[in-house]
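Next come the chains, spelled out residue by residue.
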Amino acid sequence: MFFRNRDGAFALPLADVLAVIPLPKVRFLPLLPPHVAGMVVHDGEALPLLRLAAKDSPATVSAFALICAVSWGRVALSADAVPRVPAPERFATPGLSDAGKNEGRQVLYDQVPYLLLDIERIVAELSRWDFRQPSPPGNQEV
């Protein structure tokens, strides 16, 4: 699946996406990691809304949220428009099933580069955040 937001253009495995929904109200909580713009509620569960690049990017002004689920948990990613699912005949890059080897790799679709996300690793690193650290100055109430 391909999507864009204020952080850039990204690709991730369609199998990791549970839903694409209008961006719910974003709530700020103290002590969030700098790469978390806030928290959103989906199906009664509070999920972190991730920033994917610049830590001060306004991920909270996007129109949609991609709800992703991996073995480490669920997260939300912001998208400025409805994400695209590539047509198989126009997108053929071997080896994309091995996300560990493709971390940071860019893929081309319609001559546009998209950063391939290793969402499993991103969520695993988020689970290691020490919430006893002081809140980063970039996070604010939305």
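Everything discussed here concerns the structure shown above.
Since the structure is predicted, the reported quantities are computational estimates derived from the model, not experimental observations. (Residues numbered from 1 in each chain as written. Predicted model: local features only at pLDDT ≥ 70, side-chain atom pairs only at ≥ 80, totals over all residues. Heavy atoms only, no water.)

A.B. asks: I'd like a description of the overall build of the chain, backed by residues and values.
C.D. replies: Each helix and strand counted, the chain has 2 helices and 9 strands in total. Along the chain, helices (α) and strands (β) appear in the sequence β-β-β-β-β-β-β-α-β-β-α when read from the amino end. Relative to its 142 residues, the chain shows a buried fraction of 44%. Here the analysis covers contacts within the chain between residues at least 6 apart in sequence; of these, 59% occur between residues at least 24 apart. Of the accessible surface of the chain, which amounts to about 7,700 Å², a share of 56% is contributed by carbon and sulfur atoms. (Helix = DSSP H or I, 4+ residues; strand = E, 2+ residues; numbered from the N terminus. Buried < 20%, exposed > 50% of the residue type's maximum accessible area, 1.4 Å probe, protein only. Contact = heavy atoms within 4.5 Å. Areas by Shrake-Rupley, 256 points an atom, 1.4 Å probe, with all protein chains shown as cover.)

A.B. asks: Describe the nonpolar core, listing the residues and the values that go with them.
C.D. replies: By size, the foremost hydrophobic cluster in this structure holds 21 residues, and its most contacted members are F3, L12, L66, C68, L77, L117 and I119. Of all the secondary structure elements, the ones that give two or more residues to this core are strand 4 (36-42), strand 6 (64-70), strand 7 (73-79) and helix 2 (119-127). When near neighbours in sequence (up to four residues on either side) are disregarded, F3 contacts G8, A9, F10, L12, L52, L66, L77, S78, A79, P83, Y114 and L117. Within the second largest apolar cluster, 11 residues are counted, among which are I21, L23, V26 and A76. (Core = buried A, V, L, I, M, F, W, Y, C linked by side-chain atoms within 4.5 Å.)

A.B. asks: Go over the sheet that holds strand 6 with me, naming the residues and quoting the values.
C.D. replies: Strand order in this open sheet of 5 strands is 3-6-7-5-4, and the pairing throughout is mixed. Strands at the two margins of the open sheet, each flanked by one partner only, are strand 3 (17-22) and strand 4. Sheet twist, expressed as the mean angle between neighbouring strand axes with direction ignored, is 30 degrees. Contacting strand 4, strand 5 (45-50), strand 6 and strand 7, helix 2 crosses the sheet at an angle of about 115 degrees to strand 7. (Pairing = 2+ DSSP bridges. Axes fitted to C-alpha atoms, helices over the stretch in contact; angles between N-to-C directions.)

A.B. asks: Residues and numbers for the sheet that holds strand 1 (residues 2-5), please.
C.D. replies: One open sheet accounts for 4 strands, arranged 1-2-9-8; its pairing is mixed. Strand pairing shows two members of the sheet lacking a second neighbour, strand 1 and strand 8 (106-109), which therefore form its edges. The mean angle between the axes of side-by-side strands here comes to 40 degrees, regardless of whether they run parallel or antiparallel. The pairing of strand 2 (residues 8-11) with strand 9 (residues 112-116) spans 2 bridges and is classified as parallel. Across the sheet, residue F10 finds its bridge partner in strand 9, namely L115.

A.B. asks: Describe the packing of aromatic side chains, and please don't skip the residues or the numbers.
C.D. replies: Enumeration over the complete set of coordinates arrives at 3 aromatic pairs. Three or more aromatic residues link up through ring pairs in this structure, and these residues are F2, Y109 and Y114. (Phe/Tyr/Trp six-rings, centres within 6.5 Å; stacked < 30°, edge-to-face > 60°.)

A.B. asks: Describe unusual backbone geometry, with residues and values.
C.D. replies: Of note, D43 is a non-glycine position whose phi angle comes to about 50 degrees, a positive value. Of note, D43 is situated in the loop between strand 4 and strand 5. Take D43: its relative accessible area is 69%, and that puts it in the exposed class.

A.B. asks: I'd like a description of the side chain of D16, backed by residues and values.
C.D. replies: For D16, the location among the structural elements is in the loop between strand 2 and strand 3. In this structure, D16 is buried with no salt-bridge partner, the nearest side chain bearing the opposite charge being R74 at 11 Å. Apart from residues no more than four positions distant in its own chain, D16 is found in contact with I67, C68, A69, V70 and I119. (Lys, Arg positive; Asp, Glu negative; His and termini not counted. Salt bridge = Lys/Arg side-chain N within 4 Å of Asp/Glu carboxyl O.)

A.B. asks: For helix 2, give the residues involved together with the corresponding values.
C.D. replies: Taken residue by residue, helix 2 has I119, I122, V123, A124 and L126 as its buried positions. Each element contacted by the buried residues of helix 2 is listed here: strand 4, strand 5, strand 6 and strand 7.

Note that every value here comes from positions in space, so none of it alone points to a role or purpose.
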